[in-house]
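Coordinate analysis (summary)
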Amino acid sequence: MKNKFSIITVVKNDKNNILTTLNSVKNQNYSNYEHLVLDGNSNDGTSSIIKNNLSKKIKYFRQKDKNLYNAINKGISKSKGDYVMLLHSGDLFYNSKVIKNINMSLCKNEDF
């Protein structure tokens with residue numbers, strides 16, 4: 001079974017690291033995911049980097065939030081996946097098989 005994953009990335013003013021995170025998600029070899037990027041109105045060029053790397057998989061939201069947790073909750077409410085993952089700006093997946101491996105574990109009813 002191919003579960004759908006929602007990956008939420010919260011960012012504000014992190015132009016030096018956001019591309020690393022976007023590429024880490026884009027390079028996953030599992031295709032049934034959506035990537036929700038919530039930008040808290042960055043003013044350092046972060047939003048330009050995100051806009052230049054948009055794809056069909058990325059849902060980009062640029063709006064003021066109260067704090068990190070408020071932005072995460074907004075992302076969760078907008079997510080359409082069976083499972084939600086948090087991958088903040090500057091974070092990356094260990095390798096290109098992370099989501100695929102998690103999905104395989106879920107299909108085997110393993111605990112994690």
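So, here's what we can say about the structure.

Reading the values: rules and limits
- Residues numbered from 1 in each chain as written.
- Predicted model: local features only at pLDDT ≥ 70, side-chain atom pairs only at ≥ 80, totals over all residues.
- Heavy atoms only, no water.
- Helix = DSSP H or I, 4+ residues; strand = E, 2+ residues; numbered from the N terminus.
- Rg over C-alpha atoms; globule rule 2.2 N^0.38 Å.
- Buried < 20%, exposed > 50% of the residue type's maximum accessible area, 1.4 Å probe, protein only.
- Contact = heavy atoms within 4.5 Å.
- Phe/Tyr/Trp six-rings, centres within 6.5 Å; stacked < 30°, edge-to-face > 60°.
- Core = buried A, V, L, I, M, F, W, Y, C linked by side-chain atoms within 4.5 Å.
- Pairing = 2+ DSSP bridges.
- Axes fitted to C-alpha atoms, helices over the stretch in contact; angles between N-to-C directions.
- Arc of directions from axis to C-beta.

Overview of the overall build of the protein
In terms of regular secondary structure, the protein is built from 4 helices and 4 strands. Traced from its N-terminal end to its C-terminal end, the protein shows the element sequence β-α-β-α-β-α-β-α. Since a compact globule built from 112 residues should have a radius of gyration of about 13 Å, the 14 Å found for the protein is in line with a globular shape. In terms of principal-axis extent, the alpha carbons of the protein reach across some 45 × 25 × 25 Å. Across the 112 residues of the protein, 38% fall into the buried class. At a minimum sequence separation of 6, the contacts of the protein that also span at least 24 residues come to 74%.

Section: the packing of aromatic side chains
Two aromatic rings, taken as a pair, are described by how far apart their centres are and by the angle between their planes. For the structure shown, the criterion picks out 2 aromatic pairs. With a centroid separation of 5.6 Å and 80° between ring planes, the pair formed by Phe5 and Tyr30 is classed as edge-to-face. Here Tyr30 lies in the loop between α1 (18-26) and β2 (33-39) and Phe5 lies in strand β1 (residues 5-11), a separation of 25 residues in the sequence. Of the two residues, Phe5 and Tyr30, both sit in the buried class.

Looking at the nonpolar core
Grouped together as the largest cluster of nonpolar side chains are 12 residues: Phe5, Ile7, Val25, Tyr30, Tyr33, Met85, Leu87, Phe93, Val98, Ile99, Ile102 and Leu106. Those elements that provide at least two residues to this core are β1 and α4 (98-107). No other element matches the 4 residues that α4 contributes to this core. Those residues in contact with Phe93 that sit more than four places away from it in its chain are Ile7, Ser24, Val25, Gln28, Met85, Leu87, Val98 and Ile99.

A word on the sheet that holds strand β3 (residues 58-62)
Strand order in the open sheet formed by 4 strands is β3-β2-β1-β4, with parallel pairing between adjacent strands. Pairing within the sheet leaves two strands with one partner each, and these edge strands are β3 and β4 (83-86). For this sheet the average axis-to-axis angle between neighbouring strands, irrespective of direction, equals 20°. Where α4 meets the sheet, it contacts β1 and β4, and its direction lies at approximately 135° from that of β1.

Quick look at α4
Looking only at α4, the buried set comprises Val98, Ile99, Ile102, Asn103, Ser105 and Leu106. Around the axis of α4, the buried residues are gathered within 160° of arc, so they sit on the same side. Buried-residue contacts for α4 involve β1 and β4.

Describing the pairing of β3
In the sheet, β2 pairs with β3 via 5 bridges, with the strands oriented parallel. Across the sheet, residue Leu38 finds its bridge partner in β3, namely Phe61.

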